[in-house]
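# Breakdown of the fold
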Amino acid sequence: MGDFQADVIIVGAGLAGMVAAHEAVSRGRKVLMLDQEAPQSLGGQAFWSLGGLFMVDTPEQRRMGIKDSPELALNDWMGSAQFDRLEDVNPRLYAEQFVDWAAGPMRQWCFDLGMRWFPVVGWAERGGALAHGHGNSVPRFHITWGTGTGVIAPFVKRMTEYAAAGQLKLGFRHRVTGLVTTDGAVTGLHGDVLEDTTAARGQSTSREVIGSFEHHAAAVVLTTGGIGGDHARVRENWPVARLGKPPNMMVAGVPDYVDGKMQGIARAAGAGLINEDRMWHYCEGVQNWNPIWPNHGIRILPGPSSMWFDAKGQRMEAPFLPGFDTLGTLKRILQAGEHSWFILTQKIIEKEFALSGSEQNPDLTDGGWMDVLKARLGKGAMPAVEAFKNKGADFVVADDLETLVAGMNRLTPDQPLDLESLRQQIISRDAQLTNPFSKDAQVTALRGARAYRGDRLIRTAKPHAILDAQNGPLIAVRLNILTRKSLGGLHTDIKGRVLTPEGRVLPGLYAAGEVCGFGGGGYHGYNALEGTFLGGCLFSGRIAGQNA
């Protein structure tokens, strides 16, 4: 790195790392940022996200008729987190301070950086059916124009400017293999220089070593993400007693470089990790017909109408409905097998199916209002959804239920479904639509969703009978468990300083983002309210950069 002498070294050039660098440079610090991937991967996982931010009592909410407050948001957070461990003191502090920030200066800070938001606020993770339990009481999911690319763009621009001004040095293809400690303090790091690569963002890259490095600084900040790309490690940390055995078949919601190796390196240097068994994996994963990384999976973001069946063909009961309770639904699915099924109609897929990810939502990523209206309110499903319906390995399309179930059984011959059992369950559901009353919790939830004009406008189909041929064709989707986020990790205090297993400060070492459970070692507790992953990177990155 020549004569560049850094005050702060940041490991990981994703969102949390860039935010930490921005804050540190703003304080006059000289920053060295290292990442094992190439320049085309600047921004990390956040690039692939839908760009949703959890914010409270915003102009966007008020324009949609949503009444929100810090008190309601904190009640929702704590009911979802369910903190129950002695080591949850710092995660709880992060949670409380994040909600204050999300209800206060967060939006203006993001706005000043250049972010703007889609005016219809999304209602994610609607909960486990009790007011004091898990879930968002109101819509809080603010989708950034540009999706994940729109969130990272202001920081990518600033990293480029800081590098040109000599305040920041970027070291790509630098893989850290160890931390340097002196008298019990972290004073630097060392590792391998990897050969250059032209591989596109997200693709697997060469691990050929062409050199080595060692750098020293007063502070080292780790922002290297979680473990979702290493399924062996996911299974190793899986909470079997709480969720059941992990499935043999999972699809990857993150690139393979999200391997958690930095956590082990930090542990070897004296860092403590907590809540490693807390994870956030999605139930609605499908195999990407056009993969970017190995075993690439995409999450379906469903509206409330699809019927959800477990691997044995039994309809799942409330609150295990589309969009309500991810962790509870995951446990419920694993009680019957390793996969589950959506059964729906063409009318439902056209109005209610969206796919997570910047690349799957070009109207929000690269377009404007007219593109959104054309894609989401025009005839047919969105092009990305139609492509999955036509090409995806997990999709079955048929004109009648007999043909549909036969196709489903070809996909899962080891767990065949009973045609007549499925037929009777669907007939019973359809019969609940003939009058304004219903004992079916999902039908009631659908009607409740349509009371919110944002859902009625772009996220819910008009209630209709699934077996009525005029609403077809019928569609079935095999859903796989999709690995995504770590909710635990390096234990940090409220200043972003990494703690030892005994709870003492490990001098010189800081952490932000997913590597520390988005703050404190797991500020979500057991359940995430969505929009809190990018938000957690912003919040914990700011804290680390302000203190390192």
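Quick summary incoming for the structure in this document. (Residues numbered from 1 in each chain as written. Predicted model: local features only at pLDDT ≥ 70, side-chain atom pairs only at ≥ 80, totals over all residues. Heavy atoms only, no water.)

## Some words on the sheet that holds strand 5 (residues 168-172)
The cut-off we apply is this: One requirement defines pairing of two strands: DSSP has to find at least two bridges between them. Helix numbering and strand numbering both begin at the N terminus, where a helix is a DSSP run of H or I of at least 4 residues and a strand a DSSP run of E of at least 2. Angles here are taken between N-to-C directions and fall from 0 to 180 degrees, while the axes themselves are lines fitted to C-alpha atoms, restricted in helices to the stretch in contact.
Pairing is mixed in the open sheet, where six strands are placed in the order 5-2-1-9-21-20. In this open sheet, the two strands that pair with only one neighbour each are strand 5 and strand 20 (497-499). Neighbour to neighbour, the strand axes of the sheet diverge by 30° on average, direction disregarded. By the bridge criterion, four bridges tie strand 1 (residues 8-11) to strand 9 (residues 219-222) in an arrangement that is parallel. By the bridge assignment for strand 9, I10 is matched with V221.

## What about the pairing of strand 6 (residues 174-182)?
Two strands pair when backbone bridges link them, and strand 6 and strand 7 (residues 185-194) are joined in this way by eight bridges, in the antiparallel orientation. Note on strand 7: the bridge partner recorded for L179 is L189. Hairpin connection, strand 6 to strand 7: the antiparallel pair is bridged by two residues, and D183 has positive phi, about 55°.

## Remarks on the pairing of strand 13 (residues 297-301)
This is how the line gets drawn: Burial status follows relative accessibility: with a 1.4 Å probe on protein chains alone, a residue under 20% of its type maximum counts as buried, one over 50% as exposed, and anything between as partly exposed.
Of all the five residues making up strand 13, five are buried; the element is thus mostly covered by neighbouring parts of the structure. Judged from the three bridges that link them, strand 12 (residues 279-287) and strand 13 form a sheet pairing that is antiparallel. Residue pairing in the sheet places V286 in a bridge with I298 of strand 13. Relative to strand 16 (residues 354-355), strand 13 is paired through two bridges, and the arrangement is antiparallel. The residue bridging L301 from the neighbouring strand is A354, located in strand 16.

## Concerning helix 16 (residues 419-431)
Along an α-helix, a turn takes 3.6 residues, which lines up residues three or four apart on a common side. We count it as follows: Here the expected span of a helix is defined as 1.5 Å times the quantity of residues minus one. For this analysis, residues touch if any pair of their heavy atoms sits within 4.5 Å. Polar contact is defined as a pair of N or O atoms within 3.5 Å, subject to the rule that within protein one atom must be able to donate a hydrogen and the other to accept it, and that residues adjacent in sequence are counted only when both atoms are side-chain atoms.
Helix length check: helix 16 (13 residues) gives 18 Å between terminal C-alpha atoms against 18 Å at 1.5 Å per residue, within 8%. Contacts made by the buried residues of helix 16 are with strand 14 (307-310), strand 15 (340-345) and helix 15 (401-411). Near the N-terminus of helix 16, the side chain that reaches the backbone nitrogen of E420, with its oxygen 3.4 Å away, is that of D418.

## Some thoughts on the pattern of salt bridges
Where we set the bar: A pair is scored as a salt bridge if a Lys or Arg side-chain nitrogen falls within 4 Å of a carboxyl oxygen belonging to Asp or Glu.
Here the structure, examined in full by the defined rule, presents 28 salt bridges. When the shortest N-O distance is used, the salt bridge between R278 and D84 registers 3.3 Å. Here D84 lies in the loop between helix 3 (70-81) and helix 4 (89-102) and R278 lies in the loop between strand 11 (273-274) and strand 12, a separation of 194 residues in the sequence. Given a relative accessible area of 54%, D84 falls into the exposed group. One salt-bridge network, held together by shared partners, links E60, R63 and R107.

## Things to note about the packing of helix 1 (residues 15-26) against helix 6 (residues 147-164)
To be explicit about the condition: In what follows, roughly perpendicular refers to angles from 65 to 115 degrees, roughly parallel to angles under 35, roughly antiparallel to angles over 145, and oblique to any angle outside these ranges. In this scheme the handedness of a crossing depends on how the near helix is turned from the far one: anticlockwise by less than a right angle means left-handed, clockwise means right-handed. Three residue categories are used. Nonpolar comprises Ala, Val, Leu, Ile, Met, Phe, Trp, Tyr, Cys and Pro, charged comprises Asp, Glu, Lys and Arg, and polar comprises the others, including Gly.
Following both chains from N to C, one finds helix 1 and helix 6 inclined at 50°, their axes separated by 10 Å at the closest point. Of the possible angle classes, the one that applies to helix 1 and helix 6 is oblique. Read as a crossing pair, helix 1 and helix 6 show a hand that is left-handed. Across the interface between the two elements, L15, M18, V19, A21, H22, V25 and S26 from helix 1 touch V151, I152, F155, V156, R158, M159 and Y162 from helix 6. Its residues assigned to classes, the contact of helix 1 with helix 6 shows 11 nonpolar, two polar and one charged.

## Brief notes about empty space enclosed by the protein
We apply this condition: Buriedness for pockets is judged along seven lines, at least five of which must meet protein on both sides within 12 Å for an open set on the 1 Å grid over protein atoms alone, while cavities are sets there where a 1.4 Å probe fits but cannot get out, and lining residues have an atom within 4 Å of a point. Grid points are joined across faces, edges and corners, and a volume is the space filled by probe spheres set on the points.
Considering all chains together, one arrives at three cavities of 30 Å³ or more under this definition. Lining the largest cavity are I227, R233, N237, Q263, E276, R278, M279, S486, L487, G488 and G489. When the residues that make up the lining of the largest cavity are grouped by side-chain class, the tally is three nonpolar, five polar and three charged. If you add up the space inside the second largest cavity, you get close to 40 Å³. If you list the elements that add at least two residues to the lining of the second largest cavity, you get helix 8 (240-243), strand 12 and helix 10 (326-334). Considering every element that reaches the lining of the second largest cavity, the biggest residue donor is strand 12, with three residues. A per-class count over the lining of the second largest cavity returns seven nonpolar, one polar and two charged.

Any functional reading would require information that these geometric values do not contain.
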